[in-house]
Amino acid sequence: RNRPKIIRLMKNNLPQTPVLFKARYEWARKSILLLFGLSLFNMINVIFGGTEFYLYAASIPYSMAFEASYLTGRLPNEYYSDWPETLPFYDMSEFWIRIAIALVILLIYLGVFFLTKKVRPFIFIPTCIFVIVDSLYRLVYFEVDAYLLIEFTFAAYFVCSLIVGIINGYRLKKIPT
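The notes below deal with the structure included here.

Cut-offs and rules
- Residue numbers here run from 1 along each chain, matching the order of that chain's written sequence.
- Owing to the predicted nature of the model, reporting of local features is limited to residues with pLDDT of at least 70; listing and counting of side-chain atom pairs is limited to 80 or more, with chain, interface and lining totals taken over all residues.
- As a rule here, side-chain values come from all non-hydrogen atoms in the structure, and water together with hydrogens is ignored.
- Under the DSSP-based scheme used, a helix requires at least four consecutive residues in state H or I and a strand at least two consecutive residues in state E, with every element numbered from the N terminus.
- The globule rule used here is 2.2 Å times the number of residues to the 0.38 power, and the radius of gyration it is set against is calculated over C-alpha atoms.
- Exposure classes here rest on a 1.4 Å probe applied to the protein chains alone. A residue is buried below 20% of its type maximum, exposed above 50%, and partly exposed in between.
- The contact criterion used throughout is that any non-hydrogen atoms of two residues lie within 4.5 Å.
- What counts as a ring pair is set by centres within 6.5 Å for rings of Phe, Tyr and Trp (its six-membered ring), and what kind of pair is set by the plane angle: stacked under 30 degrees, edge-to-face over 60, tilted for all other angles.
- Charge-over-ring contacts are defined here by two conditions on Lys NZ or Arg CZ: a distance within 6 Å of the ring centre and an angle within 35 degrees of the ring normal.
- Just to be clear on terms, a salt bridge is a Lys or Arg side-chain nitrogen sitting within 4 Å of an Asp or Glu carboxyl oxygen.
- Computed over the protein atoms alone on a 1 Å grid, cavities are sets of points where a 1.4 Å probe fits but cannot get out and pockets are open sets with protein on both sides within 12 Å along at least five of seven lines; a residue lines them when it has an atom within 4 Å of a point.
- Grid points are joined across faces, edges and corners, and a volume is the space filled by probe spheres set on the points.
- Classification convention: Asp, Glu, Lys, Arg as charged; Ala, Val, Leu, Ile, Met, Phe, Trp, Tyr, Cys, Pro as nonpolar; all other residues, Gly among them, as polar.

Here we come to the overall build of the protein chain. Along the backbone of the protein chain there are six helices and zero strands. When the elements of the protein chain are put in sequence order from the N terminus, they spell out α-α-α-α-α-α. Here the protein chain has a C-alpha radius of gyration of 21 Å; the compact-globule value for 177 residues is 16 Å, and the former is much larger. The C-alpha extent of the protein chain, read off along each of the three principal axes, is 80 × 35 × 25 Å. By the burial criterion, 37% of the 177 residues in the protein chain qualify as buried. Taking the intrachain contacts of the protein chain between residues at least 6 apart in sequence as the baseline, contacts between residues at least 24 apart amount to 66%.

Right, dumping it as structure tokens:
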């Protein structure tokens, strides 16, 4: 058949090779590293008094760091206009406990990146579930607006990249070495 090239590409007639499987698997690994890096940047930002949340990062560790900064009085004064004057701030030990828990959650993502260096696609499955839970957390606890829709687009990107990594990881494992 002599079909136009664009139609052949649309029908996904690309050769299914181990090199392509490995590239897709590595794409999922790099997506996890990107998620870790952006989340770490957001946490460092809020620890040092920033209040911005940058695309796309894990919202649970960020929320924990933001709450820790808020409850210990580390944020700018405009955040405390409705804070009762008789209510004292928490001490810094509470801050560091919450930051440590948030860092442990982030280190899970970094651990997934390193654990999947060898082809272990099953590790992506709980990570994919965790990204979905994090997105549902964002839906419940954050204000729904256009920014949140962009966040869900990034979450969908990460979930899709993990699913592609899972599928191609299992394809790589089926190939005899």
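From this point, the discussion proceeds with the structure in view.
Scanning all chains against the criterion turns up eight aromatic pairs. For the ring pair Phe95 and Trp96, a centre distance of 4.8 Å and an interplane angle of 80° mean the geometry is edge-to-face. Since its relative accessible area comes to 0%, Phe95 is described here as buried. In this structure Trp96 comes out as partly exposed when scored by relative accessible area, which is 49%. Ring geometry for Tyr157 versus Phe158: centroids 5.2 Å apart, planes at 70°, classification edge-to-face. A residue is classified by how much of its surface remains accessible, and Phe158, at 1% relative accessible area, is buried. One aromatic cluster is present, formed by Trp27, Tyr157 and Phe158 through successive ring pairs. Residue placement shows Arg29 over the ring face of Phe113; its charged tip is 4.2 Å from the ring centre. Over the ring of Phe95 we find Arg74, and its NZ or CZ is 4.4 Å from the ring centre.

Our next topic: the pattern of salt bridges. Taken as a whole, this structure holds six salt bridges when the rule is applied. The residue Arg29 makes a salt bridge to Glu26 at a minimum N-O spacing of 2.9 Å. Here the residue Arg29 and the residue Glu26 both occupy positions in helix H2 (residues 18-47), the gap between them amounting to three residues, near one helical turn. No difference in accessibility class separates Arg29 from Glu26, as the two residues are buried. The partner of Arg138 in a salt bridge is Asp134, and the shortest N-O contact between them spans 3.5 Å. On the criterion of helical spacing, the pair formed by Arg138 and Asp134 is a turn pair, its members being four residues apart in helix H5 (residues 124-141). Neither Arg138 nor Asp134 differs from the other in exposure class; each is buried. Members of the salt-bridge network, linked through shared partners, are Lys22, Glu26 and Arg29.

Its volume calculated, the largest pocket comes out at about 280 Å³. As for the largest pocket, its lining consists of Ile60, Tyr62, Ser63, Met64, Phe66, Glu67, Tyr70, Arg98, Tyr137, Tyr141 and Phe142. Mapped by element, the contributors of at least two residues to the lining of the largest pocket are helix H3 (59-71) and H5. In terms of residue class, the lining of the largest pocket is made up of eight nonpolar, one polar and two charged.

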